[in-house]
Structures are given as structure tokens and as C-alpha cells.
Amino acid sequence: MDLPRISIVTLSFNQARFLPAALASVRDQGYPDIEHIVVDPGSTDASRTIIAAAPGLGPVILDPDDGPADGLNRGFARATGAIYGYLNADDRLLPGALAAVARAFAERPDTDAVCGNGVLVDADDRVLRPIRTSRVSRADIGQGAMTFVQQGHFFRPAALAAAGGFNTANRTCWDYELLVDMLCAGVRVANIPDALGAFRLYGDSITGSGRLAAANAQDLVRIREKALGRSLAARDHIIAPLRLLARRLASPAATLAGLRARL
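Here is what the cut-offs are and how they apply
Residues numbered from 1 in each chain as written. Predicted model: local features only at pLDDT ≥ 70, side-chain atom pairs only at ≥ 80, totals over all residues. Heavy atoms only, no water. Buried < 20%, exposed > 50% of the residue type's maximum accessible area, 1.4 Å probe, protein only. Helix = DSSP H or I, 4+ residues; strand = E, 2+ residues; numbered from the N terminus. Pairing = 2+ DSSP bridges. Right-handed = clockwise from strand over helix to strand, strands pointing away. Disulfide = S-S within 2.5 Å. Expected span 1.5 Å × (residues − 1). Arc of directions from axis to C-beta. Phe/Tyr/Trp six-rings, centres within 6.5 Å; stacked < 30°, edge-to-face > 60°.

Peer 1: Residue-level account of the pairing of strand E1 (residues 6-11), with values.
Peer 2: Counting buried positions over the six residues of E1 gives six, a clear majority of the element. In E1, alternate side chains face the same way, and those of Ile6, Ile8 and Thr10 on one face and Ser7, Val9 and Leu11 on the other are all buried. Note: E1 against strand E2 (residues 34-39), six bridges, orientation parallel. Paired with Leu11 across the bridge in E2 is Val39. The handedness of the E1 to E2 crossover, carried by helix H1 (residues 19-27), is right-handed. Summarising the sheet, E1 and strand E4 (residues 83-88) pair through six bridges and their orientation is parallel. Counted as the bridge partner of Leu11 is Asn88 from E4.

And the structure:
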């Protein structure tokens with residue numbers, strides 16, 4: 001199997017505690033053709049020192065930007081790979097992830113994007129539980145019934161172009177909106193079973209702190225309406241929990257695994 005170049009863009013901003021692990025998780029993949037682009041718009045901790053000393057990086061972008069989505073767009077504008085992925089500085093790839101991604105695209109030549117699975121880890125890198133991307137569905141997204149593991153999202157350059165890049169106005173869930181924009185643009189997205197990345201949940205993260213909860217709620221309403229192609233209606237308050245229940249009943253093993261991990 002020919003192994004295509006894979007371009008990874010990492011967003012870095014004052015995450016010196018976790019950044020070395022993120023960089024190493026890409027570097028240690030054992031994959032022969034990686035382009036690792038790092039975007040740091042102005043860290044004031046040790047992040048830039050870590051980046052300067054890290055071996056094997058591709059382009060490093062240190063210019064100010066207009067938020068995470070803009071930083072990702074700037075990073076991918078420099079990418080030269082046949083497959084793209086992106087990784088926050090406080091997350092990491094799992095061993096063998098890029099080989100699995102290359103294999104998935106080789107086996108699915110008509111697919112423009114794939115969504116894999118992963119694990120949830122804490123600040124000390126302890127695995128809390130597995131996390132799985134549910135079946136990719138605009139209807140499920142519209143009803144708030146889809147789980148998405150961003151660290152497992154990889155795509156061809158044409159898929160990113162079709163989506164119009166990341167929405168720079170979104171400061172809370174730009175990754176999720178990109179997936180929806182791809183689906184709305186007709187991009188062919190496939191679920192794959194591989195565990196590809198680790199999502200870190202801790203008190204200072206956007207998800208863990210809840211500091212952008214109000215903005216996130218507004219973003220999610222807009223994304224749901226985009227997926228549905230209409231405004232949310234009163235009936236959706238009934239449909240949404242029923243659709244979520246149906247999704248969980250359709251995957252009992254995954255549902256039980258999640259429940260056990262939470263108990």
C-alpha cells in the first residue's frame with residue numbers, strides 16, 4: 001500500500017504542560033511521511049521554547065490570529081499532504097493512528113473523510129473510558145444525538161475546501177461545525193472502528209471548565225439548525241431524546257461500556 005503524506009495541524013496556546021506529549025504522539029507514530037504544522041499565535045508560557053526544540057516539525061506559524069478556527073485555517077493553508085488531521089496541544093494521537101487512517105482511506109477510495117474513535121484521559125493521562133463517534137448522520141446531529149471524537153477526524157484536502165474551512169466566528173465547537181459543513185456540502189464521511197486519539201478532559205479546558213457554556217449552547221443550536229436545514233421547532237424537544245434513546249439502544253455494547261466507566 002502506498003502511504004500518502006498526512007498533514008497534522010496542532011493548535012498551541014499556553015499548553016506547555018501537555019504540549020510535549022502532543023508533539024511526541026505525532027512524531028512517534030512510526031509513519032514515514034508526516035507533515036506536522038504547529039500554530040502558536042502568542043503563548044506566554046514555555047510553549048514556544050518547546051516548539052523551537054522539537055524535532056521533525058514542518059512549518060511553524062507564530063503569527064497572531066483571530067481565534068482557534070482562524071489558526072487552523074492558517075495551518076492548513078500551508079499543508080501539502082493528501083490527508084489532513086488536527087490535534088489540540090492538550091490532546092494526543094494514539095499509537096498506530098496514522099497507519100490506520102492511511103489504511104482506511106486506501107480501503108475506501110470514494111470516501112473524503114473518516115471519523116474514528118478514541119479514549120478520554122485526565123490531566124495525568126489516566127484513561128477514563130473509551131469514546132466512540134456514533135454513526136455520522138445529519139439527522140442525528142440536528143437532534144443533538146451524535147457523539148463526535150474530533151481527534152479521530154481525518155479528511156482529504158477537497159473535503160476541507162468543500163466545507164469552506166473552519167468557521168472563524170465559532171469559538172467553542174469549530175471542530176463539530178466543520179463536520180456538519182462537510183456533510184452539508186455533500187462530502188462522503190465514513191465511520192471507522194479504530195481508536196485514533198485521546199481527548200483530555202480537565203478543569204481548565206473549555207469543556208471541563210464550562211467557561212464558554214452560553215456561547216457553546218448558541219453555537220450548537222445554530223449547528224443543529226444547519227444540519228436539519230431548518231429552524232428548531234417545538235416537536236424537536238420530543239424527537240431529540242427519542243432519537244438519542246434509539247441510538248443508544250442500537251449500540252448496547254457501547255452504551256453499557258460508557259455507563260460502566262461513569263460508575
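Peer 1: Could you give an account of the state of the cysteines, naming the residues involved and the relevant values?
Peer 2: What the rule picks out here adds up to zero disulfides. Free cysteine Cys184: the closest other cysteine sulfur is in Cys173, separated by 14 Å. Note on Cys184: relative accessible area 33%, which makes it partly exposed.

Peer 1: Give a description of helix H9 (residues 213-228) that names residues and reports values.
Peer 2: With 16 residues, H9 extends 22 Å from end C-alpha to end C-alpha; this agrees with the ideal 22 Å at 1.5 Å per step. Taken together, the buried positions of H9 are Asp219, Ile223, Arg224 and Ala227. For H9, the buried positions fall inside an angular range of 140° around the axis, keeping them on one side. Of the exposed residues in H9, those oriented more than 90 degrees away from the buried face are Ala214 and Gln218. Two residues or fewer past H9, Gly229 is found with a positive phi of approximately 75°.

Peer 1: Explain the packing of aromatic side chains to me, using residue names and the numbers behind them.
Peer 2: Remark: the centre distance and the inter-plane angle together describe each pair of aromatic rings, the angle taken between the planes. Across all of its chains, the model carries nine aromatic pairs by this definition. When the ring of Phe76 is compared with that of Phe166, the centres are 6.2 Å apart and the planes differ by 10°; the resulting orientation is stacked. Of the two residues, Phe76 is situated in helix H3 (residues 68-77) and Phe166 in the loop between helix H6 (157-163) and helix H7 (174-184); the sequence distance between them amounts to 90 residues. Assigned by exposure class, Phe76 and Phe166 land together as buried. Here the aromatic cluster, defined as three or more aromatic residues joined through ring pairs, consists of Phe76, Tyr84, Tyr86, Phe155 and Phe166.

Peer 1: Which residues make up the pairing of strand E9 (residues 189-200), and what values do they have?
Peer 2: Here strand E5 (residues 92-93) pairs with E9 via two bridges, running antiparallel. Each bridged residue has a counterpart across the sheet, and for Arg92 the counterpart in E9 is Ala198. Bridging between strand E6 (residues 113-121) and E9 involves eight bridges; their strand directions are parallel. By the bridge assignment, Val119 is partnered in E9 with Ala198.

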